[in-house]
Amino acid sequence: MGILDHFNYWMVIVLMMAGLYTVISRGNLIKQVVGLNVFQVSVFVLYISMGKVSGGTAPILGEGITVYSNPLPHVLILTAIVVGVATTALALALVVRIRKAYGSIEEDDILKQENGS
Amino acid sequence: MIATQLPAIQVALPLLAAPLVLILRNGALAWSVAVAVSWLSFAVALALLLRVLDGGTIVYLLGDWAAPWGIEYRIDEVNAFVLVIVTSVAAVVAPYARRSVEAEVSSDRHYLFYTGFLLCLCGLLGIAITGDVFNLFVFLEISSLSSYLLIGLSRDRRALTAAFRYLILGTVGATFYVIGIGLMYMMTGSLNMADLATRLPAVADTTTIHAALAFLTIGLALKAAIFPLHLWLPNAYAHAPSVVTAFLAATATKVSIYVFLRIFLTVFSGASIFESFPLADLLIVVAVLGMFTGSLVAIYQSDVKRALAFSSVAQIGYMILGISLLSTAGVAAGIVHLFNHALMKCALFLALGAVALRIGSARLDQMAGIGREMPWTMAAFTVAGLSLIGVPATVGFVSKWALVMATLEKDHVLLAVLILLSSLLAVIYVWRVVEVAYFRDRPDDAATLSDPPTSMLVPLWIMTGAAVYFGLDGTRVLDVATAAATRLLEGWP
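Definitions and limits used
Residues numbered from 1 in each chain as written. Chains lettered and ligands numbered in written order. Predicted model: local features only at pLDDT ≥ 70, side-chain atom pairs only at ≥ 80, totals over all residues. Heavy atoms only, no water. Helix = DSSP H or I, 4+ residues; strand = E, 2+ residues; numbered from the N terminus. Buried < 20%, exposed > 50% of the residue type's maximum accessible area, 1.4 Å probe, protein only. Expected span 1.5 Å × (residues − 1). Bend = angle between axes of the 7 residues up to and from the residue. 1 Å grid on protein atoms, 1.4 Å probe; cavity = no way out; pocket = protein on both sides within 12 Å on 5 of 7 lines; lining within 4 Å. Points joined across faces, edges and corners; volume = space filled by probe spheres on them. Nonpolar A, V, L, I, M, F, W, Y, C, P; charged D, E, K, R; others polar. Polar contact = N/O pair within 3.5 Å; in protein donor to acceptor, adjacent residues only side chain to side chain. Core = buried A, V, L, I, M, F, W, Y, C linked by side-chain atoms within 4.5 Å. Contact = heavy atoms within 4.5 Å. Salt bridge = Lys/Arg side-chain N within 4 Å of Asp/Glu carboxyl O. Phe/Tyr/Trp six-rings, centres within 6.5 Å; stacked < 30°, edge-to-face > 60°. Axes fitted to C-alpha atoms, helices over the stretch in contact; angles between N-to-C directions. Parallel < 35°, antiparallel > 145°, perpendicular 65-115°, else oblique. Left-handed = near helix turned anticlockwise from the far one by under 90°.

**A short note on the environment of Ile323 of chain B**
Residue and element names in this part refer to chain B.
Okay, step 1: Among the secondary structure elements, Ile323 is positioned in helix 13 (residues 304-324).
Okay, step 2: The buried category is assigned to Ile323, whose relative accessible area is 6%.
Okay, step 3: Here the alpha-carbon distance between Ile323 and Leu283, two residues 40 residues apart in the chain, equals 8.9 Å.

Structure follows, in structure tokens:
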């Protein structure tokens, strides 16, 4: 069993850590939103990967199809994608309003103004 | 006919009312709908609680799809009680909202406020009622997204950054939760709570389930603002409109703690995670640290709203402490405090909302002498504050008493002493406000103040009155909480 057998799961870990690191380390609010998205996408990949049945086809009715992938994780992730899109939209809307109120989307600038006021 | 559909009505009512309010685009109409819906929801929740206490667990299959494939709503003593807490707070806060929102939210956004309020209510009720872990995530995000919106509606620009930070941390928390249930699904092939509870014991000792447990703990602790993952809470509560603070402080973190209870005690009931993993001991330490840090930081705040937000972090510590004792008395004490804290914190924030209506903020230095000019408001604040400390004849005393008894039953004398010591810290931050409001003179050039309009004073005193009533007669609530704790520790039949 080579490392590549679990390629998807390794990528999940890479994406998850890259996303979380971006959220934590970046002061730019847009970059934080991007990081959050990468982090969420890693979870989508995790769910899709666990639905795969080796040798299975797409879960459709047809001649001679007996082994097929589990469709449930796909459906769950459709829901999670919708939630993710809504979160991103709201986050970006907040960034627009923050920019109007503070004239900046850098966390350091904003904190300086908040502590000054 | 209607009686059997009550669980669906509980969630569908606010969910359907929210787009209606959005279409109406009229602040006053929107408010009327919100008030009507929250009172109807309260009636539905009470009916459900009575039915559960009478006839046991209600199982409701959505669309008649059989569980574990379909989504089921499963209502027992625990979540019926949580539903009553959430809807009662909503029912009291909604009438109050009108004047307070007029003062704190720009007029073209009023209908958005009520849309957000109804969606948040729907999400919180959905979390409490559902018996499916993924469905729970969806409701969690409905309530979270609408609370980011509600916080951001404030005129204070700092509310925007607070909402953004809450959004980032809240989404990380919710995503951790999704990872956790994904890993559980990987091992068991099920998302139904009752089904998971029977399947988990067989695979409990795998790395995957341990990882799931870690993700669930951190994710839910973030959502419930358990120390040290509370960083989003103080700013979000301090800068949000007063009504939003009162509503969220009394419901949102409480519902997250319910999820905590449900996942660890019901879903993992057969898996004996507390024996194979020192989670309970860890939680006790975290709870005690939260109790002291929250109260100590609260003492040094110049904004009373922010001080009470930190006090919430401390109070969440008490709830977690009770729960992590893992005895019927301990879990019951945690649940009782969940209810009692909702009452008194809601009353305190409603009082501050009235103060903000008159003086424009809740800064301590501007509150000098207002006790004489706003007697009813500050009297309610004082009574609720005494309850926060745990003075006899208030709900705070009932929960502290139950908690101390539960620790002594387990021979944790040190914990009992720590609970009493941290209560003394509450005396300091409550007294600071009382002293400024009653014993300082109002500056000569200050405008004369008066109590808020009746529509705000009545909800405030309903909450304060409840805090005293259930403090004098706590047995009924204690009985329900004990039944709930027994149900949690024994699992579903």
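Picking up where we left off.
**Details of helix 10 (residues 242-267) of chain B**
Residue and element names in this part refer to chain B.
Okay, step 1: Its 26 residues give helix 10 an end-to-end C-alpha distance of 36 Å, which sits within 8% of 38 Å, the value for a rise of 1.5 Å per residue.
Okay, step 2: Of all the bends found along helix 10, the most pronounced is centred on Leu248 and spans about 40 degrees.
Okay, step 3: Burial analysis of helix 10 places 26 of its 26 residues in the buried class, which makes it a mostly covered element.

**Considerations on the layout of surface pockets**
Okay, step 1: Roughly 1100 Å³ of internal volume is contained in the largest pocket.
Okay, step 2: Around the largest pocket sit 43 residues that line it, and Glu114 of chain A together with Arg158, Ala162, Asn235 and His239 of chain B are the ones nearest its centre.
Okay, step 3: Residue assignment for the lining of the largest pocket shows that the elements contributing at least two residues are helix 1 (7-25), helix 2 (29-51) and helix 4 (107-116) of chain A together with helix 3 (77-104), helix 6 (158-188), helix 9 (233-239) and helix 13 of chain B.
Okay, step 4: Among the elements that take part in the lining of the largest pocket, helix 6 of chain B stands out by supplying 8 residues, more than any other.
Okay, step 5: Across the lining of the largest pocket, the residue classes break down as 19 nonpolar, 12 polar and 12 charged.
Okay, step 6: Here the second largest pocket is characterised by a volume of approximately 500 Å³.
Okay, step 7: Surrounding the second largest pocket, 21 residues form its lining, Phe42, Leu46, Val84, Phe339 and Phe470 of chain B being those nearest its centre.
Okay, step 8: The set of elements that each furnish at least two residues to the lining of the second largest pocket consists of helix 2 (27-55), helix 3, helix 14 (328-359), helix 19 (454-472) and helix 20 (475-490) of chain B.
Okay, step 9: Residue composition of the lining of the second largest pocket, by class: 19 nonpolar, 1 polar and 1 charged.

**As for helix 2 of chain B**
Residue and element names in this part refer to chain B.
Okay, step 1: Taking 1.5 Å of rise per residue, 29 residues should cover 42 Å, and helix 2 covers 41 Å from first to last C-alpha, within 8% of that figure.
Okay, step 2: For helix 2, the side-chain oxygen to backbone nitrogen distance between the N-cap and Ala28 is 2.9 Å, and the N-cap itself is Asn26.
Okay, step 3: Downstream of helix 2 by a residue or two, Gly56 has a phi angle that is positive, lying close to 85 degrees.

**As for the nonpolar core**
All names here are of chain B.
Okay, step 1: In terms of nonpolar packing, the biggest core is built from 227 residues, with Phe113, Met184, Phe247, Phe268 and Met367 touching the most fellow members.
Okay, step 2: Residue contributions to this core peak at 20 residues, all from helix 14.
Okay, step 3: Those residues in contact with Phe113, other than ones at most four positions away along the chain, are Ala97, Val101, Leu150, Leu153, Val243 and Val244.

**Points about the interface of chain B and chain A**
Okay, step 1: Contacts between chain B and chain A engage 31 residues on the former and 36 residues on the latter.
Okay, step 2: For the pair chain B and chain A, the interface holds 1 salt bridge.
Okay, step 3: The partner of Glu107 of chain A in a salt bridge is Arg165 of chain B, with the nearest N and O atoms 3.4 Å apart.
Okay, step 4: Applying the counting criterion to the chain B and chain A interface returns 9 residue pairs in polar contact (both at pLDDT 80 or more).
Okay, step 5: Residues that form the side of chain B that touches chain A fall into these classes: 20 nonpolar, 6 polar and 5 charged.

**Side note on the packing of aromatic side chains**
What characterises a pair of aromatic rings is the spacing of the ring centres plus the angle enclosed by the ring planes.
Okay, step 1: In this structure the tally under the stated criterion is 21 aromatic pairs over all chains.
Okay, step 2: On the basis of an interplanar angle of 50 degrees and a centroid distance of 5.8 Å, the ring pair of Phe39 of chain A and Phe176 of chain B is categorised as tilted. Within this pair, whereas Phe39 of chain A is found in helix 2, its partner Phe176 of chain B is found in helix 6, the two belonging to separate chains. Comparing Phe39 of chain A with Phe176 of chain B shows no difference in burial state: the two are buried.
Okay, step 3: Geometrically, the ring pair formed by Trp376 of chain B and Trp461 of chain B is edge-to-face, given 5.7 Å between the ring centres and 85 degrees between the ring planes. Of the two residues, Trp376 of chain B sits in helix 16 (residues 375-389) while Trp461 of chain B sits in helix 19, which places them 85 residues apart along the sequence.
Okay, step 4: Classification of Trp376 of chain B as exposed rests on a relative accessible area of 51%.

**Focus: empty space enclosed by the protein**
Okay, step 1: With the rule as written, the count across this model stands at 7 cavities of 30 Å³ or more.
Okay, step 2: For the largest cavity, the calculated volume is near 100 Å³.
Okay, step 3: Forming the boundary of the largest cavity are Cys120, Leu124, Ile127, Leu140, Ser143, Ser144, Ser147, Tyr166, Lys223, Leu248, Ala252 and Ser256 of chain B.
Okay, step 4: Elements that contribute at least two residues to the lining of the largest cavity include exactly helix 4 (110-129), helix 5 (133-152) and helix 10 of chain B.
Okay, step 5: With 4 residues, helix 5 of chain B is the largest single contributor of residues to the lining of the largest cavity.
Okay, step 6: Split by residue class, the lining of the largest cavity holds 7 nonpolar, 4 polar and 1 charged.
Okay, step 7: Volume-wise, the second largest cavity comes out at about 80 Å³.
Okay, step 8: Every residue lining the second largest cavity is listed: Gln40, Val43, Phe44, Ala80 and Val83 of chain A together with Phe137, Glu141, Thr175 and Val178 of chain B.
Okay, step 9: For the lining of the second largest cavity, the secondary structure elements donating two or more residues are helix 2 and helix 3 (72-102) of chain A together with helix 5 and helix 6 of chain B.
Okay, step 10: Broken down by element, the lining of the second largest cavity gets its largest block of residues, 3 residues, from helix 2 of chain A.
Okay, step 11: For the lining of the second largest cavity, the per-class residue count stands at 6 nonpolar, 2 polar and 1 charged.

**Points about the packing of helix 4 of chain B against helix 5 of chain B**
All names here are of chain B.
Okay, step 1: With their axes 8 Å apart at the nearest point, helix 4 and helix 5 run at an angle of 155 degrees to one another. When the axis of helix 4 is compared with that of helix 5, the two are roughly antiparallel. In this structure, helix 4 meets helix 5 at a crossing whose hand is left-handed. Across the interface between the two elements, Leu112, Phe113, Gly116, Phe117, Leu119, Cys120, Cys122, Gly123, Leu124, Gly126 and Ile127 of helix 4 pack against Leu136, Phe139, Leu140, Ile142, Ser143, Ser146, Ser147, Leu149 and Leu150 of helix 5.
Okay, step 2: In terms of residue class, the contact of helix 4 with helix 5 is made up of 14 nonpolar, 6 polar and no charged.

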